[in-house]
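Chain by chain, the residues:
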Amino acid sequence: MFDTLHRDAFKIFSGTMSETYTRILERALSDLFDVPGMVDREDFIALIKDVLQETPEVKNEGIQSNIIYARLKDTGWLVEQKSGYKRVVDLDPAARLLLDFLVDMREGRLRSYGGEVVNVLSLLESLTKDPSGRYEALDSAVKASKSFLNHLRSLSANMGKFEEELLNKREVDSIFRAFFEDYIETFLISDFRKLNTSSNPFRFRLQILALCEAFPAERQKMEVLTSTYVSEGKAKDALHAQRTILRDLAFVRSTFENIEGYLSIIHETSKRIEKRI
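Below, the structure is looked at part by part.

### Comments concerning the overall build of the chain
In step 1: For the chain, the helix and strand inventory stands at eleven helices and three strands.
In step 2: Helices (α) and strands (β) of the chain occur, in sequence order from the N terminus, as α-β-α-α-β-β-α-α-α-α-α-α-α-α.
In step 3: In the structure as shown, the chain presents an accessible area of about 16,100 Å², 51% of it carried by carbon and sulfur atoms.

Here's what the structure looks like:
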């Protein structure tokens, strides 16, 4: 699983400077690597200095920034190249995937799943309108469905963890602090509140299910998508392509057919938490 990563990639998170490295990588991702253009080595070092200046316990930012830059290279996070007379730097491809995942995982509780549901609907609609030109839409719909399902599971699990923590609290002030600071701000405001409003993203569920069921029955569109999968190298032959298409449509359909269990757990947990308060 980790063969593509440098064997020392996680070492920067195990020492006393772990939080500093975390802030540097997050800032670099948003300020340098998520915008167009090459990143000069000096610009990256300047970013490190900026982060270190926000860290009171760090002295000699100039020296430390060069040490940190070298360590990020040595542990496989950065790749340095020459561009004319300049040295440019980028994230290692495997390290970038890991960093994206870690950032998503940290922000998972505050992520809105409404966008994922609408995205699945839009992808299926575009596939239906133009199966040849938008053949990649089905792959994207499967990924968005997995992301949605994982987020719904995370929401349910996080609420369960909060309930357990709440049951272990005995002091009234700590209970109310946990309720208003953790439960209300983190769960209700970000996601759960939407389940009981007119903007509930699940209102698109029936449309998604209808598209998943209707597409296989449209013979001409299935033939177009099947031949496109074969010509684009996504399947070795027509039979393989058809099986892949039907499997992916079945996964999307199953995801949106079987969400009541998670919603029921979320509602029941919420009621128990509010009763405890």
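### What to know about the sheet that holds strand β3 (residues 86-91)
In step 1: If you trace the three strands from one edge of the open sheet to the other, you get β1-β3-β2, paired in antiparallel fashion. Edge positions in the sheet fall to β1 (39-40) and β2 (78-83), since each has one partner strand and no second.
In step 2: Alignment of β2 against β3, held across six bridges, turns out to be antiparallel. Residue pairing for β3: glutamate 80 is matched across the bridge by valine 89.
In step 3: Contacts between helix α1 (residues 18-33) and the sheet are confined to β1, β2 and β3, with β3 contributing the most and set at about 115 degrees to the helix.

### So, the nonpolar core
In step 1: Of all hydrophobic cores here, the largest spans 31 residues; its most connected members are Leu124, Ile208, Tyr229, Val252 and Phe256.
In step 2: Counting residues per element, the ones that place at least two in this core are α5 (114-129), α6 (137-167), α8 (205-214), α9 (219-231) and α10 (238-257).
In step 3: Residue contacts for phenylalanine 256: discarding those within four places in its chain leaves Val117, Val120, Ser145, Phe148, Arg205, Ile208 and Leu209.
In step 4: Listed in part, the 29 residues of the second largest apolar core include Ile45, Ile48, Leu52 and Ala95.

### Observations regarding the pattern of salt bridges
In step 1: Evaluated as defined, the whole model comprises 15 salt bridges.
In step 2: For glutamate 42, the salt bridge identified is with arginine 41, shortest N-O distance 3.1 Å.
In step 3: Here aspartate 100 makes a salt bridge to arginine 96, at a shortest N to O gap of 4.0 Å. Separated by four residues within a single helix, aspartate 100 and arginine 96 lie in helix α4 (residues 93-106), roughly one turn from each other.

### Observations regarding the side chain of threonine 255
In step 1: Structurally, threonine 255 is set in helix α10.
In step 2: Assessed through its relative accessible area of 5%, threonine 255 is described here as buried.
In step 3: Other than its neighbours up to four places away in sequence, threonine 255 contacts Ser145, Phe148 and Leu149.

### Focus on α8
In step 1: Every buried residue of α8 is accounted for by Arg205, Ile208, Leu209 and Cys212. The arc enclosing the buried residues of α8, seen along the axis, measures out at 95 degrees, which places them on a common side.

### Here we look at the packing of α1 against helix α2 (residues 41-53)
In step 1: Where α1 contacts α2, the two axes come as close as 10 Å, and the packing angle between them is 130 degrees. Comparing the axis directions of α1 and α2 gives the class oblique. Classified by chirality, the crossing of α2 by α1 is right-handed. When α1 is examined against α2, the residues Thr20, Arg23, Ile24, Arg27, Ala28, Asp31, Leu32 and Phe33 are found in contact with a partner set consisting of Asp43, Phe44, Leu47, Ile48, Asp50, Val51 and Leu52.
In step 2: Of the residues in the contact of α1 with α2, the class split is nine nonpolar, one polar and five charged.

### Some thoughts on the packing of α9 against α10
In step 1: Between α9 and α10, whose axes approach to 9 Å, the crossing angle comes to 115 degrees. As summarised for this structure, α9 and α10 are arranged roughly perpendicular, according to the angle between their axes. Considering how the two elements wind past one another, α9 and α10 form a crossing that is right-handed. For the pair α9 and α10, contact is made by Met222, Leu225, Thr226, Tyr229 and Val230 and by Ala238, Ala241, Gln242, Thr244, Ile245 and Leu246, respectively.
In step 2: Here the residues of the contact of α9 with α10 sort into eight nonpolar, three polar and no charged.

### Description of α10
Structural remark: α-helix, 3.6 residues per turn; residues separated by three or four positions point the same way.
In step 1: Over its 20 residues, α10 runs 28 Å from end to end, which matches the ideal 28 Å to within 8%, given 1.5 Å per residue.
In step 2: Considered for burial, the residues of α10 that qualify are Ala241, Thr244, Ile245, Asp248, Leu249, Val252, Thr255 and Phe256. The buried residues of α10 occupy one face: seen down the axis, they fall within an arc of 120 degrees. For α10, exposure combined with an orientation more than 90 degrees from the buried face picks out Arg243 and Arg247.

The rules behind these values
Residues numbered from 1 in each chain as written. Predicted model: local features only at pLDDT ≥ 70, side-chain atom pairs only at ≥ 80, totals over all residues. Heavy atoms only, no water. Helix = DSSP H or I, 4+ residues; strand = E, 2+ residues; numbered from the N terminus. Areas by Shrake-Rupley, 256 points an atom, 1.4 Å probe, with all protein chains shown as cover. Pairing = 2+ DSSP bridges. Contact = heavy atoms within 4.5 Å. Axes fitted to C-alpha atoms, helices over the stretch in contact; angles between N-to-C directions. Core = buried A, V, L, I, M, F, W, Y, C linked by side-chain atoms within 4.5 Å. Buried < 20%, exposed > 50% of the residue type's maximum accessible area, 1.4 Å probe, protein only. Salt bridge = Lys/Arg side-chain N within 4 Å of Asp/Glu carboxyl O. Arc of directions from axis to C-beta. Parallel < 35°, antiparallel > 145°, perpendicular 65-115°, else oblique. Left-handed = near helix turned anticlockwise from the far one by under 90°. Nonpolar A, V, L, I, M, F, W, Y, C, P; charged D, E, K, R; others polar. Expected span 1.5 Å × (residues − 1).

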